[in-house]
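# Tertiary structure, described
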Amino acid sequence: MTRGRAGRDLHDLDIITLVVAVRPEADVAGLDREYGDILRMCSRQPLSVAEISAKMGLLLAAVKVLVSDLISSGHLIYRSPPPPTSGRPDIKLLQAVLDGVRKL
């Protein structure tokens, strides 16, 4: 898998979108290092895009691209948060995200 594909679908990933590996770790052998690192991390437990970014020391935008590639190739599945029902963000959700980021 290589980077730089035109017309990339970013799957509407958010910083709190959870991703988990669904293909065996043996598939990692043919992938670039960053892709393999993400698959190994997400094979143990679901991780948010923000957690992956923090653990890898990469910019959030770069992780979104890498994760999107892995979703498109069938290596990862994801669950995005539901859209807010009102025009205002959920304060409890924002506090939970802030607490999680501080723990990183």
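Residues numbered from 1 in each chain as written. Predicted model: local features only at pLDDT ≥ 70, side-chain atom pairs only at ≥ 80, totals over all residues. Heavy atoms only, no water.

## Brief notes about the overall build of the chain
To keep it simple, the criterion reads: Numbering of helices and strands starts at the N terminus; helices are DSSP runs of H or I of at least 4 residues and strands are runs of E of at least 2. Think of it in three bands: with a 1.4 Å probe and only protein chains considered, a residue is buried below 20% of the maximum accessible area for its type, exposed above 50%, and partly exposed in between. Contacts are assigned to residue pairs with any non-hydrogen atoms lying within 4.5 Å of each other. Each accessible area is a Shrake-Rupley result for a 1.4 Å probe, and residues are judged covered by the shown protein chains and nothing else.
A tally of regular secondary structure across the chain gives four helices and three strands. Along its sequence from the N terminus, the chain presents helices and strands in the succession β-α-β-α-α-β-α. For the chain, buried positions account for 29% of its 104 residues. In the chain, of all internal contacts separated by at least 6 residues, the share reaching a separation of at least 24 is 73%. Counting only carbon and sulfur atoms, one obtains 56% of the accessible surface of the chain, whose full area is about 6700 Å².

## Topic: the pairing of strand β1 (residues 18-21)
Sheet faces and side chains relate simply in a regular strand, where the side chains alternate between the two faces. Quick note on the threshold: For two strands to be treated as a pair, DSSP must find at least two bridges joining them.
Here β1 shows a clear split, with V19 and A21 buried on one side and none of L18 and V20 buried on the other. With two bridges connecting them, β1 and strand β2 (residues 47-48) associate as antiparallel partners. When the sheet's bridge partners are listed, V19 is paired in β2 with L47.

## Observations concerning the side chain of S53
Within the fold, S53 resides in helix α2 (residues 49-56). What S53 contacts, discounting residues up to four positions off in sequence, is L58, L59, L60 and V63.

## Here we look at the pattern of salt bridges
The following threshold applies: Salt bridge criterion: a side-chain nitrogen from Lys or Arg within 4 Å of a carboxyl oxygen from Asp or Glu.
For the structure on display, the rule yields three salt bridges. Linking E34 and R33 is a salt bridge whose minimum nitrogen-to-oxygen distance equals 3.4 Å. Classification of E34 as buried rests on a relative accessible area of 15%. Since its relative accessible area comes to 56%, R33 is described here as exposed.

## Overview of the side chain of E34
Formally: For the purposes of these results, a polar contact is taken to be a pair of N or O atoms within 3.5 Å, where, inside protein, one atom must be able to donate a hydrogen and its partner to accept one; residues adjacent in sequence count only when each atom of the pair is a side-chain atom.
Counting through the fold element by element, E34 comes out in helix α1 (residues 33-44). At 3.4 Å, the side chain of E34 and the side chain of R33 are in polar contact.

## Structural notes on the packing of α2 against helix α3 (residues 60-72)
Keep this limit in mind: Comment: axis = line fitted to C-alpha atoms, over the contacting stretch for helices; angle = value between 0 and 180 degrees taken between N-to-C directions. What sets the label is the angle itself: under 35 degrees gives roughly parallel, over 145 gives roughly antiparallel, 65 to 115 gives roughly perpendicular, and the rest give oblique. Each crossing gets its handedness from the near helix: less than a right angle anticlockwise from the far helix is left-handed, clockwise is right-handed. Any residue that is not Ala, Val, Leu, Ile, Met, Phe, Trp, Tyr, Cys, Pro, Asp, Glu, Lys or Arg is counted as polar, Gly included; the first ten are nonpolar and the last four charged.
The N-to-C vectors of α2 and α3 enclose an angle of 115°; their axes lie 9 Å apart at closest approach. Comparing the axis directions of α2 and α3 gives the class roughly perpendicular. In terms of crossing hand, the pair formed by α2 and α3 is right-handed. Facing α2, whose interface residues are V49, A50, I52 and S53, α3 presents L60, V63, K64 and V67. Here the contact of α2 with α3 is composed, by residue class, of six nonpolar, one polar and one charged.

## Considering the nonpolar core
Applicable threshold: To define a nonpolar core, start from buried Ala, Val, Leu, Ile, Met, Phe, Trp, Tyr and Cys residues and group those joined through side-chain atoms within 4.5 Å.
In this structure, I38, L39, C42, I52, V67, L70 and L76 are the most contacted members of the largest nonpolar core, which totals 20 residues. Every element with two or more residues in this core is listed here: β1, α1, α2 and α3. When neighbours within four sequence positions are excluded, I38 is seen to be in contact with I52, M56, L66, V67, L70 and L76.

That's the geometry; what it means functionally is another story.
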